[in-house]
Amino acid sequence: MELVRESSERVIVSRLHTVRSSVAEIAAAFGAEAASGLTIPAETIEGGPGLVVFESGGRRLLRPATWGFPRPSLEGAIRGDPPQRVGMVADLTNRMWKRVVVDARYRCLIPVTHFANPDGAHGARTRTWFSVKDRPIVAWAGFCQNVSGIGPVYAGMTMEANATIPPTNDRMPVLLDPADHQQWLHGSIQDVIRFMYRAPFNAERMKVDRTDDAWRSGAAPPGTEPQLALL
């Protein structure tokens, strides 16, 4: 794993997503087999636990994974810090992704019911949630890999945002309809590029929930609080 220099560049993408459904509902939505004893995290931040669906031996499997590929830096290595986690793929030419983006073995579907962006002034940011009206559980186009010494990790691909997302962000997750799942999981690098640069989900399909909840509050999307992580 190569070391890179740390960057002060601000990355303007979501750092929070959740799936407010049961394991059985998620498995059914993707035609996947869930791991025994699987639990659903209340929310997922970079470096935290999440869920992915991938194919192996012709079967779709729902499994736990950590959000964010490790990116060790020279400065961090000198300090003895753990590698930074990168959970977004915005530039397919970045050398960090040069192997995973071209090989369909590393493709996955990330189950999501909501994703959030920070909103408001610095120091007083709140949670603004986004979901898809006609897809209670939607797939986010992702890449996953079992990293030696760390375990399974994943990252989601992003694209230019639709009209509902700004001013919280100028990018959004690449969301997939069920008809797209097979092509995402098995398509070529040209298909990956097409998914990134096609039009995003229409703004009319999106639901926006602006809240007064502090960004680091851990508060759930409005209307989902009674839904607990289920076995």
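Peer 1: I'd love a proper account of the overall build of the protein chain, names of residues and values included.
Peer 2: Scanning the protein chain from N- to C-terminus turns up four helices and 16 strands. Relative to its full complement of 231 residues, the protein chain shows a buried share of 50%. Put simply, 71% of the contacts in the protein chain that link residues at least 6 apart link residues at least 24 apart. A total accessible area of about 11500 Å² is found for the protein chain, and carbon and sulfur atoms account for 52% of it.

Peer 1: Outline the sheet that holds strand β16 (residues 206-214), listing residues and values.
Peer 2: With respect to topology, five strands assemble into an open sheet ordered β3-β1-β10-β11-β16, the strand pairing being antiparallel. Of all the strands in the sheet, just β3 (44-45) and β16 have a single pairing partner and so form its edges. The sheet contact formed by strand β1 (residues 16-18) and β3 spans two bridges and is antiparallel. Bridging across to β3, leucine 16 finds its partner in isoleucine 45.

Peer 1: I'd love a proper account of the pattern of salt bridges, names of residues and values included.
Peer 2: For the structure shown, the criterion picks out eleven salt bridges. Here aspartate 180 and arginine 198 are joined by a salt bridge, their closest N and O atoms 3.2 Å apart. Residue aspartate 180 is found in helix α3 (residues 178-186), and its partner arginine 198 is found in the loop between α4 (189-197) and β16; the two are separated by 18 residues along the sequence. Since its relative accessible area comes to 14%, aspartate 180 is described here as buried. Residue arginine 198 is classed as partly exposed on the basis of its relative accessible area, which comes to 24%. Linked through salt bridges whose partners overlap, the residues forming this network are Asp134, Arg135, Asp177 and Arg205.

Peer 1: Now, about unusual backbone geometry: what can you tell me, with residues and values included?
Peer 2: Negative phi is the rule for most residues except glycine; trans is the rule for most peptide bonds. In this model, proline 166 is joined to proline 167 through a cis peptide bond whose omega is 5 degrees. By the secondary structure assignment, proline 167 is in the loop between β13 (151-160) and β14 (171-173).

Peer 1: With reference to specific residues and values, describe the confidence of the model for the protein chain.
Peer 2: The share of residues in the protein chain with pLDDT of 70 or more is 88%, and the mean pLDDT across the chain is 89. With pLDDT under 50 throughout, residues 1-13 is counted as low confidence; its partners more than four residues away or in other chains account for 29 contacts.

Peer 1: Describe in detail the side chain of histidine 181, supporting the description with residues and values.
Peer 2: Structurally, the position occupied by histidine 181 is in helix α3. On the accessibility criterion, histidine 181 (5% relative accessible area) is buried. Residues in contact with histidine 181, not counting those within four places in the same chain, are Phe30, Arg60, Leu109, Ala139 and Leu176.

Peer 1: Residue-level account of the nonpolar core, with values.
Peer 2: Residues Leu62, Met157, Leu175 and Trp184 are the most contacted members of the largest nonpolar core, which totals 56 residues. Among the elements that line this core, the one with the most residues is strand β12 (residues 138-147), at seven residues. Sequence-distant contacts of methionine 157, defined by excluding residues within four places in its chain, comprise Val89, Leu92, Trp140, Ala141, Phe143, Met172, Pro173, Val174, Trp184, Val192, Phe195 and Met196.

Peer 1: Which residues make up helix α1 (residues 23-30), and what values do they have?
Peer 2: Among the residues making up α1, those that are buried are Val23, Ile26, Ala27 and Phe30. All buried residues of α1 lie within an arc of 100 degrees about the axis, which places them on one face of the element. For α1, the exposed residues lying more than 90 degrees away from the buried face are Ala24 and Ala28. Contacts made by the buried residues of α1 are with β2 (33-34), β4 (49-56), β5 (59-67), β9 (107-112), β12 and α3. Count one or two residues on from α1 and you reach glycine 31, which has phi positive near 60 degrees.

Scoring rules and cut-offs
Residue positions are counted from 1 within each chain, in the order its sequence is given. Local features are withheld for residues below a pLDDT of 70 in this predicted model, meaning they are given only at 70 or higher, and side-chain atom pairs are given and counted only at 80 or more; totals for whole chains, interfaces and linings count all residues. The basis for every side-chain value is the complete set of non-hydrogen atoms in the structure, without hydrogens or water. Strands here mean DSSP runs of E at least two residues long; helices mean DSSP runs of H or I at least four residues long; both are numbered from the N terminus. When accessible area is computed with a 1.4 Å probe and restricted to protein chains, residues below 20% of their type maximum are described as buried, those above 50% as exposed, and intermediate ones as partly exposed. Any pair of residues with heavy atoms lying within 4.5 Å of one another is described as a contacting pair. Residue burial considers only the protein chains on display, and all accessible areas are found by Shrake-Rupley using a 1.4 Å probe. We treat two strands as partners when DSSP finds at least two bridges between them. By definition here, a salt bridge exists when the distance from a side-chain nitrogen of Lys or Arg to a carboxyl oxygen of Asp or Glu is within 4 Å. Think of pLDDT as the predictor's per-residue confidence, scored from 0 to 100. Buried Ala, Val, Leu, Ile, Met, Phe, Trp, Tyr and Cys residues that are joined via side-chain atoms within 4.5 Å together make up what is termed a nonpolar core. The arc in question is the one spanned by the directions pointing from the helix axis to the C-beta atoms.

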